[in-house]
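Next come the chains, spelled out residue by residue.
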Amino acid sequence: MAQLLSGLKADDSDVFNEAFGHKHKSSSDEDEDASRFVERRKSMNEFNEVGRNFQKYQDNKPAKGVTNEILNMFNEYKDSNDREHAKDEFIEICDKYEIEKFQFIGYFLNNSLSEKPQDFRQYMNLVFEYFYVDQKLLEGQQLLESINVCVANLPDLIIDYPKAKQYAAEILLSAVKHNIMQQEFADKYIKHIENLDEDY
């Protein structure tokens with residue numbers, strides 16, 4: 001056996017893996033896995049308990065540069081906790097890139113799903129209590145659309161951030177609290193999120 005192993009060259013790794021029952025994924029296998037993931041996500045976004053086509057938010061997402069700007073503002077607020085500056089940045093980015101307010105808030109909330117619990121709730125409070133209730137920067141329907149953006153992006157997060165689905169449920173409960181949706185409707189969203197977790 002030692003002679004067999006010593007005789008293996010660097011490019012004989014497939015032979016080694018086969019000899020010991022190790023499965024080695026080729027780049028084509030990995031591409032196929034990625035393709036299957038995208039198709040599963042698309043299917044779950046299009047056909048779900050909520051009865052909403054979340055895929056349309058994936059198909060019409062802002063350009064990468066815009067989402068980077070939102071992320072920069074997100075990180076600035078995390079460091080400064082300056083609500084007034086966050087409001088100014090929110091308005092400026094929406095005007096500069098001509099994006100809808102719900103798109104900004106959707107990606108802002110989406111970023112929060114990978115944070116620690118205390119930080120996540122700080123971001124959620126900024127959106128619901130300051131942007132929505134205090135400053136009235138967006139209507140209830142716009143905030144609901146923001147939640148849809150967040151849910152549409154959730155499959156990409158739950159793999160690496162298991163708490164993301166718990167945070168998403170908290171966002172939905174906050175939406176009920178602020179009369180943006182009824183509890184019955186929120187329960188459908190939560191069921192959809194649970195199914196995503198099982199599927200991925």
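What you are looking at is a predicted structure, and each value in this text was computed from that prediction instead of being measured.

**Considering a negative patch on the surface**
A surface patch of negative charge is lined by Asp82, Asp88, Glu92, Asp95 and Glu98. Take Glu92: it is sitting in helix 6 (residues 83–97).

**Quick look at the nonpolar core**
If you look at the biggest cluster of nonpolar residues, it comprises 55 residues, and the most contacted ones within it are Phe104, Ile105, Phe108, Leu113, Phe131, Ile171 and Tyr189. Contributing elements (two or more residues each) for this core: helix 5 (64–80), helix 6, helix 7 (101–112), helix 8 (117–134), helix 9 (140–158), helix 10 (164–177) and helix 11 (183–199). Per-element accounting of this core gives the leading share, ten residues, to helix 9. Apart from the residues within four sequence positions on either side, Ile171 is in contact with Leu109, Leu113, Phe120, Met124, Phe128, Ile147 and Cys150.

**Some details on the confidence of the model for the protein**
The predicted model of the protein averages 84 in pLDDT, with 80% of residues at 70 or higher. Counting interchain partners and residues more than four positions distant, the pLDDT-below-50 stretch residues 1–20 has ten contacts.

Here is what the cut-offs are and how they apply
Residues numbered from 1 in each chain as written. Predicted model: local features only at pLDDT ≥ 70, side-chain atom pairs only at ≥ 80, totals over all residues. Heavy atoms only, no water. Patch = residues over 30% accessible without salt bridge, like charges linked within 9 Å, V, L, I, M, F, W, Y side chains within 5 Å. Areas by Shrake-Rupley, 256 points an atom, 1.4 Å probe, with all protein chains shown as cover. Salt bridge = Lys/Arg side-chain N within 4 Å of Asp/Glu carboxyl O. Lys, Arg positive; Asp, Glu negative; His and termini not counted. Charge placed at Lys NZ, Arg CZ, Asp CG, Glu CD. Helix = DSSP H or I, 4+ residues; strand = E, 2+ residues; numbered from the N terminus. Core = buried A, V, L, I, M, F, W, Y, C linked by side-chain atoms within 4.5 Å. Buried < 20%, exposed > 50% of the residue type's maximum accessible area, 1.4 Å probe, protein only. Contact = heavy atoms within 4.5 Å. pLDDT = per-residue confidence, 0-100.

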